[in-house]
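# A closer look at the structure
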Amino acid sequence: MISFADPSGLLALLSVPVLLVLFCLRPMRRRMVSSTTFLWREALAERRHGPGLGRLLRDPSLLLLLVAAVALSLALADPRWVGMTGRSGDQVLVIDVSASMRSPLRDATRFELAMAEVARRVQGKSADSQVLLIASGSRPRLLGGFESDPERLTRMLAELRVTDEAGDPRAALSLALSMVNGRPGARVHFFTDGAFDADPALRALAVEFHTIAGPAPNVAIGGFDIRRRYASSEQFEVMVRISNHADERVEVPVSATLEEVELFQREVSLEARSSETLVLPFQGDPSGVAHARIDIEDALPSDNVAQVVMPAQRPLRVLLFSSGNSVLQQALLALPAVTTRLSEIVESLYANQVAHHDLVVFDGVEPPSLPPGRYLFIDAVPPDAPFERTGRVLDQAVEGRGRSALVRDLDITGLKVASAIRVGFRGEVEPDRVQNLFWSAQTPLALSWLDEQRRVVYLGFDLGVSDFATRAAFPLWFHASVRWLQPLAAPEPATHLRTGQRKRILLPGEQQRLIVVTPDQRYLRVPLTRDDKAPAPRQPAWREVDFDQTALAGVYRYFEGEDRRYFAVNLSDESESDLSSRAELPEAGTQTYEQPPARSETPLWPWLAGLVALLLLLEWWLWGGRRVVA
Amino acid sequence: MAMTASRQDGAKRAATAASDEARARLFDAGFLRKLERLELLARKQMRGLLRGEHTSRSRGQGQEFADFRRYQAGDDFRAIDWNIYQRLDRLFVRLYSSDQDLAVHLLLDCSASMAVGDPVKFDQARRLAAALAYVGVNNLERVGIEPFGNAPVRRLGTLRHRSQMISALDFLAGLECAGRTRLDLACRELAVTLRKPALVVVLSDLIDSVVPEHEGRAEPADSTRLEQGLKMLRARGHELLVLQILAEEEIAPTLDGAYELRDLEHDGLLKLSIDADLRARYLQRLEQWLAGNEAVCARFGVDYMRFSTAIPFEDMVLRYLRQGWHLR
C-alpha cells in the first residue's frame, strides 16, 4: 500500500501542464541544407571534448535557464526579507462585554463609554493600519478579520452588544496576543472596567489597558435553584443566595415565585461585602418557571433576577409481568416517579401492552416476542437474544464482575445463588452490545444487551433464592439498571445555565428545524449540522444540538417535537456581580513594555516569480529572436 | 514504338526549354556585355605584359625567356640560372615561352554541394567558366569544358572558335548539380585523356569528404583527394590553376539557434545548436581546411585562389584573375 506523508507534494503535478505549454512554445529546429556538414561536425566534436562545465556556461541561453531554475526554487521556498521596522499602526481592540459593563458610569454605561473610546481610536487610526475587534465575554469572539476601512469597523462596532456573561479576560487577551503575532509593531488595547479578580499574569502581558471604572454598589442573586426532595415528589426546596457587593449594609426584599405563585417573600439584611443563602422547603408540584427577585435599585439590574425552569415530571410507566414478587415490587416503589402496573401476558394484547409502557419487567415469565422497548428479565431469558438457556445450575457463587457502569461500584463479593439459569452465547458476541455483568464459575448470572431498538437487563436467578436482594448492592444495581434502560424518563434536574454556557438540546430524530427564542424575543434559528443529525442509540433517533448563544440572562424557549421546552440562563457569578475595579491594571501609557525590535518579513516570492518570467522571456528571445536563415 | 519516340521528343523539348530558361537566367544580355568588356580588358593586359598577340603560357623549352621559378626535382639542370645561384645561394630555373598552340581545360565541379549560396556557387562557377572560355577562345586557344561529379554528366567538344561560344553557353546552362565530388577521379580521367600539356583550371568548392559505409557520415575532410588529383596532372606536365568557390555563408556563417542541417552530398542530418562559440570553432576548422588546400597547391606549384559568391562576377574575374598567373 502506498501512502503519502505529505500529499500536498502532489501539487507539483501542476507543473506538468506548465512544462507542456513551455515545450509547445519552444521553437522547433529550423531545417536547412548545407553543402557539407563535416566542418560543423568537427566543431561539435571539438566542443564536446572541451571542459564540460565551461562549455555549458558559455551558452547564455543555458545560463539564463539555470538562473531561472534557481530563482524558481527560491520562490518555492518562500524566502522572506527580514528587517527591523518601527511600530506599525495595527491594533487589536478587545472590548469587555461582560455583564459588569452594563453598570452606569456618569451619564452612560461603562460599555457605552468603552465603545466611544474604541470608536475614537478607530476613526483616528492611520489609513494603512489595520484593526481587529474582539469581544471579551465568557468566551472571546472575533468580530471580523483585520480591517483597515473605518466604516466597516464602525459597522462591526454598531452590532456589538453587552452581554450578561461573566468575563474571561485572560482568554480574550491570549487570543488577541496570538493575533498580533507576526505583525511587527501591532498593539493590543483592552477596554474594560477591571471588574474581575486581580491576575498578576495579566499585568505582564504586552497589552494597553483602558479602564472605565467607577463606584458601583451592587447586590446580586448569586445562586437560585429548586430541587425535589428524594422522599417525595411533592416536596421541594428553594435555594436563593444573595450577595452584597457594596461597602455598606443593605436591607434587601427577596421574593420567589413559581408560575406566578409566590413561594416566599422576606427581607434580608446583609452586611457590607457579605452573602446569605436561604433554603426554604415547599410542598406541591414544582414544575414550571420559577423566578427569584431582589427589590433594589443598584448598579446592575440583570443580577437582581434569577430563573429556574423545573421540567414537568412524567412518571416512569412500568409493566410488571410476574406471579408475585414483593422484593421487586418494593424496589420499583422505591424509585421516584414510577407507576407500576402488574399484569399477565395476553398474547393478543401483548404488543399494545409493551408499546404503552416505558419499561417492561418479566419476573419468571418469558414473553412470546421482544418488540422494540426496554426490558428487565429476572429469572427469565429473553427471546431473540444473543444468549440462550442451556439448562440450570445449583449452588452458584459469584466469581467475577464486569466493567459495566451497572455493576462498577457494587459489592457482590460472596453472593450466593441457590439456583440459576444456565445460559450460553449464540455464536460470536459483540462486546459493545452484550456485557457480562457478573458471573459464577458455570454461567453468566447477569447480562446487559442492546441493539438498535431494544435494551435488556437480564438477571438469571430468582431474587428469592439468593441473598442479592438483602444486600446493599441490590437497590443500587436496580436503580442503575432502570436508569440505563430509560435514561430520558428519569427525573430531570432543574434546567438552568450560567450565561455564556452551552446548552445541549436533545431533539427527536425527525425534527429538521430548531428555533430558540431568547429572553429579548429574538428568534434564533440553530443550524442542525450533519453530526447533529447522527441517530442516537435510542429509538426513535434523537439528536443532540449545542446552543451557545446564551449571552443574555432570562428564560429561553424552543420546541422539542411538538412540546415546548424552556431553559433558564442566569448570571450567577459572584465575581462578575462585584462591580468594583479590583484587577489592578496599569493605565494605558503608564507602562513601558520591553518590546523587541519589530521584525518585518517581506515575502520575496513575487519578485522571484517576476524574475523567472523575465529570464524565461530573455531566454526565449535569445533562443528564437536572432534567427538567421541562410 | 512511335509513341516511345514521341515521348522522347517531348522529353527533349522539355529539357531544351529548361536549358533555354537557365541560359537566359545565367547568361543574360548584361553578362554578355560584361564578357565583351572583359575580353577587351584581357587583351589590354596581355598586350602590356606580353609581346605577341598570342603567346602560349606553356613555359619551358621555348626560345624566349618568360620567367624564373624555383628549382624542383626533375627539372633540367641546363635551365638552372647559375648567376642567381651565385648571388642568392638558391636554385632557380629559367623559363621560356613557346609559341605552340595552348589548350585550356576547365574542370567544372557539378556535385551537389555546389548548389548552395546566394548567388549559387554553381552559377558563379558556370559564369566563371564561360568567361574563361570566352577569353581563351578569343586568344585562339583551344578550350575544353570538363564537368565532373559523381553523377553522369554530358561532355562538350573542344572549343576552337568564337562562334562556338553559343553552344558552350547552352552546354553550361544545361548542367545540373548532383552527386558527390570526386576530384581525384576527374583529374585522373583528364590526365589520361590529354596527350599534350595543357592549362587545367579547376572550378570547385573542393568539398570532397568521404562517407564510410559503416558509419554513414562524412569523415573529416582533408586535402588528400586534391593532392592526388593535382599530383596526377602535374606528373603529366599540365599547368594548373585551382579556383575554389565558396558561398559567403560558408565563409562567414551567421546561423544562430537550433538547426537541423542536411548534408547535400551525403544526405545526412546533423542536429545542433549554433552559438558564437560553435561558430568560432567552425571558422577555425574552415581556416585549417583552406590552409591545407593552399599548402597542397603550393607544394605542387599550382596557383590557388578562392573567392566568395558574394563578390560580383566581373569583379571576380578582373580583380582576381588579373592578379593570377593566367592573365599576367
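As shown above, the structure is provided for reference.
Residues numbered from 1 in each chain as written. Chains lettered and ligands numbered in written order. Predicted model: local features only at pLDDT ≥ 70, side-chain atom pairs only at ≥ 80, totals over all residues. Heavy atoms only, no water.

## Concerning the overall build of chain A
- The secondary structure content of chain A amounts to 13 helices and 34 strands.
- Within chain A, the fraction of its 630 residues that count as buried is 45%.
- Long-range contacts, defined as pairs at least 24 residues apart, comprise 67% of the intrachain contacts of chain A with a sequence gap of at least 6.
- Carbon and sulfur atoms make up 54% of the accessible area of chain A, which totals about 32900 Å². (Helix = DSSP H or I, 4+ residues; strand = E, 2+ residues; numbered from the N terminus. Buried < 20%, exposed > 50% of the residue type's maximum accessible area, 1.4 Å probe, protein only. Contact = heavy atoms within 4.5 Å. Areas by Shrake-Rupley, 256 points an atom, 1.4 Å probe, with all protein chains shown as cover.)

## Thoughts on the overall build of chain B
- In terms of regular secondary structure, chain B is built from 10 helices and 10 strands.
- Sorting the 328 residues of chain B into buried and exposed places 48% on the buried side.
- Within chain B, contacts between residues at least 6 apart in sequence are counted, and of these 74% link residues at least 24 apart.

## Quick look at the interface of chain B and chain A
- With 41 residues of chain B at the contact, the number on the chain A side is 25 residues.
- Summed over both sides, the interface between chain B and chain A buries roughly 3400 Å², with carbon and sulfur atoms accounting for 59% of that surface.
- For the pair chain B and chain A, the interface holds two salt bridges.
- We note a salt bridge from Glu 42 of chain A to Arg 285 of chain B, for which the minimum N-O separation is 2.2 Å.
- On the surface where chain B and chain A come into contact, there are 13 residue pairs in polar contact (both at pLDDT 80 or more).
- Listing elements by their share of the side of chain B that touches chain A, those giving two or more residues are α8 (248-251), β8 (257-263), β9 (269-274) and α9 (276-299) of chain B.
- Partitioned by chemical class, the residues of the side of chain B that touches chain A number 19 nonpolar, six polar and 16 charged. (Buried area = accessible area lost by both parts, 1.4 Å probe. Salt bridge = Lys/Arg side-chain N within 4 Å of Asp/Glu carboxyl O. Polar contact = N/O pair within 3.5 Å; in protein donor to acceptor, adjacent residues only side chain to side chain. Nonpolar A, V, L, I, M, F, W, Y, C, P; charged D, E, K, R; others polar.)

## Examining the sheet that holds strand β4 (residues 103-109) of chain B
Residues and elements named next belong to chain B.
- Spatial strand order, β5-β4-β6-β7-β10: five strands in an open sheet with parallel pairing. The open sheet has two edge strands, β5 (142-148) and β10 (303-308), and neither has a second partner. On average, each strand axis in the sheet is inclined to that of its neighbour by 15°, with strand direction left out of account.
- Bridging between strand β7 (residues 239-246) and β10 involves six bridges; their strand directions are parallel. Bridge pairing in β10 places Gln 244 opposite Arg 306.
- Set on the sheet, helix α6 (residues 183-193) makes contact with β4, β5 and β6 (199-204); between it and β4 the angle comes to about 155°. (Pairing = 2+ DSSP bridges. Axes fitted to C-alpha atoms, helices over the stretch in contact; angles between N-to-C directions.)

## Quick word on the state of the cysteines
- For the structure on display, the rule yields zero disulfides over all chains.
- Not engaged in a disulfide, the cysteine Cys 110 of chain B finds its nearest cysteine sulfur in Cys 177 of chain B; these two sulfurs lie 6.4 Å apart. (Disulfide = S-S within 2.5 Å.)

## Side note on the pattern of salt bridges
- The final tally for this structure, using the stated rule, is 36 salt bridges over all chains.
- The shortest N-O distance in the salt bridge between Arg 139 of chain A and Asp 548 of chain A comes to 3.8 Å. Note that Arg 139 of chain A is positioned in the loop between β6 (131-136) and β7 (140-142) and Asp 548 of chain A in the loop between β31 (542-547) and β32 (554-560), a separation of 409 residues in sequence.
- Residue Asp 548 of chain A is classed as partly exposed on the basis of its relative accessible area of 33%.
- One salt-bridge network, held together by shared partners, links Arg 31 of chain A together with Glu 260 and Lys 271 of chain B.

## Overview of the side chain of Thr 550 of chain A
- Considering the arrangement of structural elements, one finds Thr 550 of chain A in the loop between β31 and β32.
- Filtering out sequence-adjacent residues up to four positions away, Thr 550 of chain A remains in contact with Glu 165, Arg 498, Thr 499, Gly 500, Gln 501, Tyr 556, Phe 567 and Val 569 of chain A.

## Quick look at the packing of α6 of chain B against helix α7 (residues 224-235) of chain B
All names here are of chain B.
- Contact geometry of α6 with α7 gives a least axis separation of 8 Å together with a crossing angle of 5°. Comparing the axis directions of α6 and α7 gives the class roughly parallel. Residues Leu 183, Asp 184, Cys 187, Arg 188, Leu 190 and Ala 191 of α6 lie in contact with α7, whose contacting residues are Arg 225, Leu 226, Gln 228, Gly 229, Met 232 and Leu 233.
- Here the contact of α6 with α7 is built from residues that sort into seven nonpolar, two polar and three charged. (Parallel < 35°, antiparallel > 145°, perpendicular 65-115°, else oblique.)

## Looking at the sheet that holds strand β15 (residues 288-294) of chain A
All names here are of chain A.
- Read from one edge of the open sheet, four strands run β13-β12-β15-β16, paired in antiparallel fashion. Strands at the two margins of the open sheet, each flanked by one partner only, are β13 (261-270) and β16 (305-310). Looking at each pair of strands side by side, their axes are set apart by 15° on average, direction ignored.

## Points about the pairing of β16 of chain A
Residues and elements named next belong to chain A.
- Along β16, five of the six residues are buried, which leaves the element largely enclosed by surrounding structure.
- Pairing of β15 with β16 involves six bridges; the strand directions are antiparallel. Note that in β16 the partner of Ala 290 across the bridge is Val 308.

## Concerning the environment of Arg 23 of chain B
- Among the secondary structure elements, Arg 23 of chain B is positioned in helix α1 (residues 2-26).
- Distance in space between the C-alpha atoms of Arg 23 of chain B and Leu 169 of chain B is 6.9 Å, their sequence separation being 146 residues.

## Topic: the packing of helix α5 (residues 110-123) of chain A against helix α6 (residues 150-158) of chain A
All names here are of chain A.
- Following both chains from N to C, one finds α5 and α6 inclined at 170°, their axes separated by 10 Å at the closest point. Here α5 is positioned roughly antiparallel relative to α6, judged by the angle of their axes. The hand of the α5/α6 crossing is right-handed. On α6, the residues that touch Met 115, Val 118, Ala 119, Val 122 and Gln 123 of α5 are Pro 150, Leu 153, Thr 154 and Leu 157. (Left-handed = near helix turned anticlockwise from the far one by under 90°.)

## A closer look at unusual backbone geometry
- The peptide bond linking Asp 118 of chain B to Pro 119 of chain B adopts the cis configuration, its omega dihedral lying at 0°.
- Among the secondary structure elements, Pro 119 of chain B is positioned in the loop between β4 and α4 (121-138).
- In this structure, Gln 521 of chain A takes a positive phi of about 65° despite not being glycine.
- Tracing the backbone through its elements, the reader meets Gln 521 of chain A in the loop between β29 (514-517) and β30 (523-526).
- Judged by relative accessible area, which is 46%, Gln 521 of chain A ranks as partly exposed.

## Some points on the packing of aromatic side chains
All names here are of chain A.
- Inspection of the entire model under this criterion finds 23 aromatic pairs over all chains.
- Taking the centre distance of 6.1 Å and the plane angle of 65° together, the rings of Phe 547 and Tyr 556 count as edge-to-face.
- The class of Phe 547 is buried, set by a relative accessible area of 1%.
- Ring-pair connections join several aromatic residues into one group, and the members of that group are Phe 438, Phe 461, Phe 468, Phe 474, Trp 477 and Phe 478.
- Its guanidinium or amino end placed over the ring of Trp 484, Arg 455 lies 4.8 Å from that ring's centre, counting from NZ or CZ. (Phe/Tyr/Trp six-rings, centres within 6.5 Å; stacked < 30°, edge-to-face > 60°. Lys NZ or Arg CZ within 6 Å of the ring centre and 35° of its normal.)

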